Structures are given as C-alpha cells and as structure tokens.
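Below, each chain spelled out in residue letters.
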Amino acid sequence: MALSVFLAALAACSNALGTVLQRRAALTVPASTSLRLGLIIDLLRHPVWLAGIAGVTASAILQALALASGSLAMVQPVFILELPLALVIGGAVFHVHRSRKAWSSVACIAAGLTVFLFSLAPSGGKHAVSGFRWVPTLLVVGGIATALVLAATRRPLGMMRASCLAAGAALGNTLTAALMKSAMAILGDQGLEAFLLSWQTYGFAVIGGTSLFLLGSAMQAGPLIASQPALTLTDAATGVVLGITIYGEEPRTGMWLVSALTGFAVLTCGVLALSRTQCLANCLNAEEEQSRPVEHAVA
C-alpha cells in the first residue's frame, strides 16, 4: 500500500508539472465559447504544451503502476496533491512569491488528505472487474459527465462553464483510472497480447484523451477557483466511490468514517482557499487571472 501511495504521489507531481506547462500554453491560443478540436491542433504547435504532455504521459505511467499495486480508492485521492504541487513547481519555475495563506492552505490539504486516507484505509477488493459490471458504471458516470459538458456548452465563458467542464474531466479521469487498473490486471495475469486485445486498454486511452480535451477547454473557460476545486475534489470522491462499488474495496467503518469525512472537509477548505490565492494564479497563468474580474483572488 505504501508503494502505491508513493507512486501516486510521484504521478501527482508529474501531472502538476504538466498542468503548469499546459495552462501556460492554453492561454496563448484564442479563447472560444465552443468546444473545438482545433484547440488541440493550436496547442500542438507550442513546445511548452508538448512538454506538458510529456509530464502527463509520465504521470499516466506512474499512475498505472500505482493502480497495479494498490486500490483505486486509495490512489485517486492522492491526486489532490497536484494542486499544492502546482504551487510549488509553478512558483519555482516562474519565480512567484508564495504567500503565508497559500502555505497554510497547502498544510490544510496535506493534513486533511493524510487523515482522510488513514481513516478510510481501503483494503481487499478485486484486481479485475468482469465485463457486465462495467455497463452500469459506464452508463452512469458517462451520463453524468455528458450532462455536465452539455450544461457547460449552454453557458458563457466564466465560473459555471469552467466548473462543469472540469467536473466532467474529473469523472473521465476517474473512469480512465478504473479501466486502467483492470487493464493492468489483465497485463499481469494474461500477458501483453491480452492487454493489447482488451477493450479496457482502448477504453482508458479514448476516455483519457477526451478528459484531456475537456481539461484544456476548462482551463480556457474560467478562473482557477472554478476549475481546480471541481477537478480535484470530484476526482478524489469519484475514485473512492468506484473503488468501493466496482472493485469491492472495503473502507473502515464506524467512527473511522467520521474522521474520514472530517479529513475530507479540511482538505476541501484547503483546496478552496488555495484556489483563491493570487500566487497560485500567478504560478499558472499570471496575466490571465489578473485580468479576470470574476475572481478577485487574494494573496
């Protein structure tokens, strides 16, 4: 379990680096009120975006290794660390001063996540999921994600559009992780040929690519306070739900649930507070965030 958490933390770090670079690149192309595939084509012309893709790719490999050795309900919440890591990495790369409030928020996230994971401590579960169990999962999660994206397309650029797209991307990320875990089990049990022939392998590739597109659109759609909490918190919560429901992972119960919910509440406060800080905005997209009147981030 410790190895899977360590690998997940490394994946979050690599993803944070990729996010910093991708967001910088995303702000160099014209914003659009429609979801367009041309966005990806525009971004592919930017070396910074390609470097961000390399970070995301490394993160996916580390995530796959973490899921192969650990539970989905334990691995996915660790990706909450991506937000404070973006502050650390972005601040170091772009020479941004990190405020006391930002560091306090980071401490809340770290403490809340530690309490949450220690209290939940999911155990057991299956390494692979039979085909029929995926049908309701794909329908429910995919249906909610589709509804969020459709709701976003009916909104102008701003907080609601960004949060809906980010939440849809988070659901896609979690579904990708769930399919990736199943595909890694097939790789370990049946070998490379079975892995390449399994529908789960192509499922997580397609859904993961779609989520990447939605995340790029969310980055353009609105301020950080809208997209980042929706992305990180939805990903963590859905990961726990899918781990329990489809993989049969068993969390602690009784009073442990009270401390788990307390930990999640603390880290949620930390995520919301950090997302409002101007220094995090400067780490990711200084000029854009400063010009948006809807956020009024504080130091």
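Cut-offs and rules
- Residues numbered from 1 in each chain as written.
- Predicted model: local features only at pLDDT ≥ 70, side-chain atom pairs only at ≥ 80, totals over all residues.
- Heavy atoms only, no water.
- Helix = DSSP H or I, 4+ residues; strand = E, 2+ residues; numbered from the N terminus.
- Buried < 20%, exposed > 50% of the residue type's maximum accessible area, 1.4 Å probe, protein only.
- Areas by Shrake-Rupley, 256 points an atom, 1.4 Å probe, with all protein chains shown as cover.
- Phe/Tyr/Trp six-rings, centres within 6.5 Å; stacked < 30°, edge-to-face > 60°.
- Lys NZ or Arg CZ within 6 Å of the ring centre and 35° of its normal.
- Patch = residues over 30% accessible without salt bridge, like charges linked within 9 Å, V, L, I, M, F, W, Y side chains within 5 Å.
- Salt bridge = Lys/Arg side-chain N within 4 Å of Asp/Glu carboxyl O.
- Expected span 1.5 Å × (residues − 1).
- Contact = heavy atoms within 4.5 Å.
- pLDDT = per-residue confidence, 0-100.
- Axes fitted to C-alpha atoms, helices over the stretch in contact; angles between N-to-C directions.
- Parallel < 35°, antiparallel > 145°, perpendicular 65-115°, else oblique.
- Left-handed = near helix turned anticlockwise from the far one by under 90°.
- Nonpolar A, V, L, I, M, F, W, Y, C, P; charged D, E, K, R; others polar.
- Arc of directions from axis to C-beta.

### Re the overall build of the protein
Turning to step 1, where the next piece is worked out: Each helix and strand in the protein was counted, giving 13 helices and 0 strands.
Turning to step 2, where the next piece is worked out: If you list the helices and strands of the protein from N to C, you get α-α-α-α-α-α-α-α-α-α-α-α-α.
Turning to step 3, where the next piece is worked out: Among the 299 residues that make up the protein, the fraction classed as buried is 53%.
Turning to step 4, where the next piece is worked out: Of the roughly 12700 Å² that the protein leaves accessible, carbon and sulfur atoms contribute 72%.

### Some details on the packing of aromatic side chains
Two numbers describe a pair of aromatic rings. These are the distance of the centres and the angle of the planes.
Turning to step 1, where the next piece is worked out: If you walk through the whole model with that rule in mind, you get 4 aromatic pairs.
Turning to step 2, where the next piece is worked out: Note on Trp 134 and Tyr 247: the rings are 6.4 Å apart at their centroids and 80° apart in plane angle, and the pair reads as edge-to-face. One end of the pair, Trp 134, is in helix α7 (residues 131-153); the other, Tyr 247, is in the loop between α11 (224-245) and α12 (255-276), with 113 residues separating them in the sequence.
Turning to step 3, where the next piece is worked out: On the basis of relative accessible area, Trp 134 is assigned to the buried category, the value being 1%.
Turning to step 4, where the next piece is worked out: What links up through ring pairs into an aromatic cluster is the set Trp 134, Trp 199 and Tyr 247.
Turning to step 5, where the next piece is worked out: Lying across the ring of Tyr 247, Lys 181 places its NZ or CZ 5.7 Å from the centre.

### Here's the deal with the environment of Thr 114
Turning to step 1, where the next piece is worked out: Mapped onto the elements of the fold, Thr 114 is located in helix α6 (residues 100-120).
Turning to step 2, where the next piece is worked out: Under the relative-accessibility criterion, Thr 114 is labelled exposed at 52%.
Turning to step 3, where the next piece is worked out: In the structure, Thr 114 is positioned 150 residues away from Phe 264 in sequence and 9.4 Å away in space, judged by C-alpha atoms.

### Brief notes about a nonpolar patch on the surface
Turning to step 1, where the next piece is worked out: Taken together, the side chains of Val 135, Leu 139, Val 140 and Ile 144 make up a nonpolar region of the molecular surface, amounting to roughly 380 Å² of accessible area.
Turning to step 2, where the next piece is worked out: Relative to the helices and strands, Leu 139 resides in helix α7.

### Structural notes on α6
Turning to step 1, where the next piece is worked out: With 21 residues, α6 extends 30 Å between its outermost C-alpha atoms, agreeing within 8% with the 30 Å of an ideal straight helix rising 1.5 Å per residue.
Turning to step 2, where the next piece is worked out: Three or more residues of α6 are buried, namely Ala 102, Ser 105, Val 106, Ile 109, Gly 112, Leu 113, Phe 116, Leu 117, Ser 119 and Leu 120.
Turning to step 3, where the next piece is worked out: Two residues or fewer past α6, Ala 121 is found with a positive phi of approximately 40°.

### Overview of the environment of Ile 244
Turning to step 1, where the next piece is worked out: Positionally, Ile 244 belongs in helix α11.
Turning to step 2, where the next piece is worked out: As for Ile 244 and Gly 125, which are separated by 119 residues in sequence, their C-alpha atoms are 7.9 Å apart.
Turning to step 3, where the next piece is worked out: In contact with Ile 244, not counting residues within four places along its chain, are Glu 249 and Pro 251.

### Details of the confidence of the model for the protein
Atom-level detail of predicted coordinates should not be read off regions where pLDDT is low.
Turning to step 1, where the next piece is worked out: Per-chain confidence: the protein averages 82 in pLDDT, with 86% of residues scoring 70 or above.
Turning to step 2, where the next piece is worked out: Contacts from residues 286-299, a stretch scored under 50 in pLDDT, to residues over four places away or in other chains number 37 contacts.

### Comments concerning the side chain of Ser 4
Turning to step 1, where the next piece is worked out: With respect to the secondary-structure elements, Ser 4 resides in helix α1 (residues 2-26).
Turning to step 2, where the next piece is worked out: The exposure class of Ser 4 is buried, given its relative accessible area of 1%.

### A short note on the packing of helix α8 (residues 159-190) against α11
Turning to step 1, where the next piece is worked out: Close contact between α8 and α11 brings their axes to 7 Å; oriented N to C, the two are set at 30°. Overall, the two elements α8 and α11 adopt an arrangement that is roughly parallel. When you trace α8 past α11, the crossing you get is right-handed. Between α8 and α11, the contacting residues are Met 159, Ala 162, Ser 163, Ala 166, Ala 167, Ala 169, Ala 170, Leu 171, Asn 173, Thr 174, Leu 175 and Ala 178 on the first element and Ile 225, Ala 226, Ser 227, Ala 230, Leu 231, Thr 234, Asp 235, Thr 238, Gly 239 and Leu 242 on the second.
Turning to step 2, where the next piece is worked out: Looking at side-chain class alone, the contact of α8 with α11 contains 14 nonpolar, 7 polar and 1 charged residues.

### As for α12
Turning to step 1, where the next piece is worked out: Helix length check: α12, at 22 residues, gives a terminal C-alpha distance of 32 Å against a target of 32 Å (1.5 Å per residue), a fit within 8%.
Turning to step 2, where the next piece is worked out: Taken together, the buried positions of α12 are occupied by Ala 260, Gly 263, Leu 267, Thr 268, Gly 270, Val 271, Leu 274 and Ser 275. When α12 is viewed along its axis, its buried side chains cluster within an angular range of 165° and face the same direction. Looking at α12, the residues exposed on the side facing more than 90 degrees away from the buried face are Met 255, Leu 261 and Cys 269.

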